[in-house]
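# Remarks on the overall topology
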Amino acid sequence: MDSAFDNLDAAGFLEIWQHFDADDNGYIEGKELDEFFRHMMKRLGPQEKVTEERVQRLKQRFMSAYDVTADGKLQIQELANMILPEDENFLLVFRREAPLDNSVDFIKIWRKYDVDCSGYISAQELKAFLKDLFLEHHKEVSSDKLEEYTDTMMKIFDKNKDGCLDLNDLARILALEENFLLQFQMDACSKEERKRDFDKIFAHYDVSKTGALEGPEVDGLIKDMMGLVRPNITGPELDKLRAVLLRHCDVNKDGKIQRNELALCLGVKPKA
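None of the values given here were measured: they were computed from a predicted structure.

Next up on the list: the state of the cysteines. Counted according to the given criterion, the structure contains one disulfide. Here Cys249 is linked by a disulfide to Cys265, with a sulfur-sulfur distance of 1.9 Å. Classification of the bridge connecting Cys249 and Cys265 rests on its S-S torsion, roughly -110°, and on that basis the disulfide is left-handed. Here Cys249 is found in helix α11 (residues 235-249), whereas its partner Cys265 is found in helix α12 (residues 259-266), with 16 residues between them in sequence. Residue classification places Cys249 among the buried residues on the basis of a relative accessible area of 1%. Owing to a relative accessible area of 36%, Cys265 belongs among the partly exposed residues under this scheme.

Counting residues in each nonpolar core, the largest one holds 75 residues, and the members touching the most others are Phe13, Phe36, Phe37 and Phe94. Setting aside its immediate chain neighbours within four residues, Phe13 contacts Leu8, Ile76, Leu79, Ala80, Ile83, Leu84, Phe90, Leu91 and Ile156.

Time to look at the UniProt feature "domain: EF-hand" (unreviewed entry) in the protein chain. The UniProt record annotates "domain: EF-hand" (unreviewed entry) at residues 8-43, 101-136, 145-180, 193-228 and 236-272. Its end C-alpha atoms 20 Å apart, residues 101-136 is made of 69% helix and 6% strand. Regarding residues 145-180, the helix share stands at 56% and the strand share at 6%, and the terminal C-alpha atoms are separated by 36 Å.

Quick look at the domain arrangement of the protein chain now. We note that the domain assignment places domain 1 (10-85), domain 2 (98-174) and domain 3 (180-266) within the protein chain. A C-alpha centroid distance of 26 Å is found between domain 2 and domain 3. Between domain 2 and domain 3, the contact holds 14 residues from the first and 18 residues from the second. Summing both sides of the interface, domain 2 and domain 3 together bury roughly 1,300 Å²; the carbon and sulfur share of this comes to 60%. Run the count over domain 2 and domain 3 and you get two salt bridges. We note a salt bridge from Arg111 to Asp239, for which the minimum N-O separation is 2.9 Å. Of all the elements in the fold, those that place two or more residues in the side of domain 2 that touches domain 3 are α5 (103-113) and α8 (167-173).

A few words on the packing of aromatic side chains. By the definition in use, this model includes eleven aromatic pairs. Taken together, the ring pairs connect Phe20, Phe36, Phe37, Phe62 and Tyr66 into an aromatic cluster. Above the plane of the ring of Tyr27 lies Lys73, whose end atom (NZ or CZ) is 4.5 Å from the centre.

Before going further, it helps to examine the pattern of salt bridges. Pairing of side chains with opposite charge becomes possible as their charged atoms draw close. Taken as a whole and assessed by the stated rule, the structure comprises 19 salt bridges. One salt bridge connects Asp219 with Arg111, and the closest N-O pair in it is separated by 3.0 Å. A residue pair is termed long-range when its members are at least 10 positions apart, and Asp219 in helix α10 (residues 216-227) and Arg111 in helix α5 qualify at 108 residues. On the basis of relative accessibility, which here comes to 29%, the residue Arg111 falls in the partly exposed class. Each member of the salt-bridge network shares a partner with another, and the members are Arg111, Asp219, Asp239 and Arg242.

So, how was this worked out
- Residues numbered from 1 in each chain as written.
- Predicted model: local features only at pLDDT ≥ 70, side-chain atom pairs only at ≥ 80, totals over all residues.
- Heavy atoms only, no water.
- Disulfide = S-S within 2.5 Å.
- Helix = DSSP H or I, 4+ residues; strand = E, 2+ residues; numbered from the N terminus.
- Buried < 20%, exposed > 50% of the residue type's maximum accessible area, 1.4 Å probe, protein only.
- Core = buried A, V, L, I, M, F, W, Y, C linked by side-chain atoms within 4.5 Å.
- Contact = heavy atoms within 4.5 Å.
- UniProt positions renumbered as here; feature names shortened; annotations may be inferred.
- Domains from an automatic or database assignment.
- Buried area = accessible area lost by both parts, 1.4 Å probe.
- Salt bridge = Lys/Arg side-chain N within 4 Å of Asp/Glu carboxyl O.
- Phe/Tyr/Trp six-rings, centres within 6.5 Å; stacked < 30°, edge-to-face > 60°.
- Lys NZ or Arg CZ within 6 Å of the ring centre and 35° of its normal.

What follows is the structure, given as structure tokens:
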């Protein structure tokens, strides 16, 4: 693979990504994918005739090795693993032992790096985030490289090009798993099923296991609840919605949402 993309750096990777993710949806798929492997075939074997059969064979070979999610699409991390040399693969720092599958953990990261509490991650805040990630992975990166990686990440993930990242942009970077609440149909099941589902939901967001939701736990629940009706919630909207939820559910005014308070809010009588 090195012979196909010799000396590829972050800027070169960005150029390739933007060229082949033509519809800017965060994946290389369908015709984009065929075009990418056609391009790869020309680079891997410039003397060989590029035929559709050879392109599809190459595609099958590499997708079986790099399409980790097995969805027939290339995510940005999968493409990076495929074409970037290891010492230039800045996206490796986002590879985790376990996937980020809880919005509470995601919110903790968001709150930590949104230092000015603006509801957005600026380029400087993103740089601090990347610097910490490289340190965590025991990877030394020069200040110039850190600037280059930050710039590349902003260009890839700042979808509305306003110079900062919102909640949804960071969720894409961290490959946050599917909304936990999508598996439940609270309005279309029996009372017993609703009680059972409520227990599962509360346990999922009560990460600290204190029997009450507070701070990032409340935010994570709100993010996922809003995601059921409107996926693109912003940081400032999240702050407003937290105030609304606490006003309605926090009966004893302790700044937390107790299990029985949330049950009352949702119209569910939980198991004793």
